[in-house]
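Breakdown of the fold
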Amino acid sequence: MNKIPLIKKPLLSQMFGLFLALASGTSSATGVVSEEDHRSFERRFTDLCVDKEKQDLKGTGVLLSEVIGVCECIAQEESKRVTPEEVREVKEGNYPASLMMKSNAATYNCVDG
C-alpha cells in the first residue's frame, strides 16, 4: 500500500479526534464479514472520516484530496480486521471503541511516519 506523505503529523493527531468523537461502545462480535460488507464499511468509514476532518481543514494548508486519501487508506486497513458488529456500528454512523484500539496500526500504515 502506498504511504501518503503529504499529511503532516499534527493532522495525524487530529485524525485521532475522529476516533474519539465517534466512539460509541465496544464490540465482542465474531464472525465472517462478506466482501460486500467490507466495501460498504470502507465507504462509510471514509465518509465519516472525511466529514470530521473537513471541519478542521480550514487554514491548515492541508488539501481535501490528501485527507480523502488518508481516510480511504485507514478504512482499507481497518477493514482487514473488522468484525460484523463493527461493520454494523460504522454503517449506523458510529465509531466503536474496538476500532479505536486497532486504529494506531492503520493510521501508521497510511501516514508517512
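Relevant structure appears above.
Residues numbered from 1 in each chain as written. Predicted model: local features only at pLDDT ≥ 70, side-chain atom pairs only at ≥ 80, totals over all residues. Heavy atoms only, no water.

1. Examining the packing of aromatic side chains
Counted by the stated rule, this structure contains two aromatic pairs. Pairing F45 with Y95 gives two aromatic rings, centres 5.6 Å apart and planes at 50°, and the pair type is tilted. Linking F45 in helix 2 (residues 35–57) with Y95 in the loop between helix 4 (84–91) and helix 5 (97–110), this pair joins segments that are 50 residues apart in sequence. Looking at F45, the relative accessible area reads 1%, which means it is buried. The rings of F41, F45 and Y95 are connected pair by pair, giving a single aromatic cluster. (Phe/Tyr/Trp six-rings, centres within 6.5 Å; stacked < 30°, edge-to-face > 60°. Helix = DSSP H or I, 4+ residues; strand = E, 2+ residues; numbered from the N terminus. Buried < 20%, exposed > 50% of the residue type's maximum accessible area, 1.4 Å probe, protein only.)

2. Regarding helix 5
Given a rise of 1.5 Å per residue, 14 residues ought to cover 20 Å, and the 20 Å separating the end C-alpha atoms of helix 5 matches this to within 8%. Largest kink in helix 5: about 45°, centred on S103. The complete set of buried residues in helix 5 reads A97, S98, L99, S103, A106, T107 and C110. (Expected span 1.5 Å × (residues − 1). Bend = angle between axes of the 7 residues up to and from the residue.)

3. Considerations on the state of the cysteines
The final tally for this structure, using the stated rule, is two disulfides. Each sulfur of the disulfide joining C49 and C71 lies 2.0 Å from the other. Across the disulfide from C49 to C71, rotation about the S-S bond amounts to roughly -65°, and the bridge is consequently left-handed. One end of the pair, C49, is in helix 2; the other, C71, is in helix 3 (residues 64–79), and 22 residues separate them in sequence. Judged by its relative accessible area of 0%, C71 falls in the buried class. Note that C73 is cross-linked by a disulfide to C110, the S-S spacing being 2.0 Å. (Disulfide = S-S within 2.5 Å.)

4. Looking at the environment of V87
Tracing the backbone shows V87 in helix 4. Of the residues examined, V87 reaches a relative accessible area of 3% and is grouped as buried. V87 sits 47 residues away from S40 along the chain, and the two C-alpha atoms are 8.1 Å apart.

5. Observations concerning the nonpolar core
F41, F45, I74 and V90 are the most contacted members of the largest nonpolar core, which has 22 residues in total. Those elements that provide at least two residues to this core are helix 2, helix 3, helix 4 and helix 5. Excluding residues within four positions of it along the chain, V90 makes contact with F41, R44, F45, L48, P96 and L99. (Core = buried A, V, L, I, M, F, W, Y, C linked by side-chain atoms within 4.5 Å. Contact = heavy atoms within 4.5 Å.)

6. Some details on the packing of helix 3 against helix 5
The geometry of helix 3 relative to helix 5 is characterised by a closest axis approach of 9 Å and an angle of 125° between their N-to-C directions. The orientation of helix 3 relative to helix 5 falls into the category oblique. Considering only the axes of helix 3 and helix 5, their crossing is right-handed. For the pair helix 3 and helix 5, the contacting residues are V70, C73, I74, E77 and E78 in the first and L99, K102, S103, A106, T107, N109 and C110 in the second. When its residues are assigned to classes, the contact of helix 3 with helix 5 shows six nonpolar, three polar and three charged. (Axes fitted to C-alpha atoms, helices over the stretch in contact; angles between N-to-C directions. Parallel < 35°, antiparallel > 145°, perpendicular 65-115°, else oblique. Left-handed = near helix turned anticlockwise from the far one by under 90°. Nonpolar A, V, L, I, M, F, W, Y, C, P; charged D, E, K, R; others polar.)

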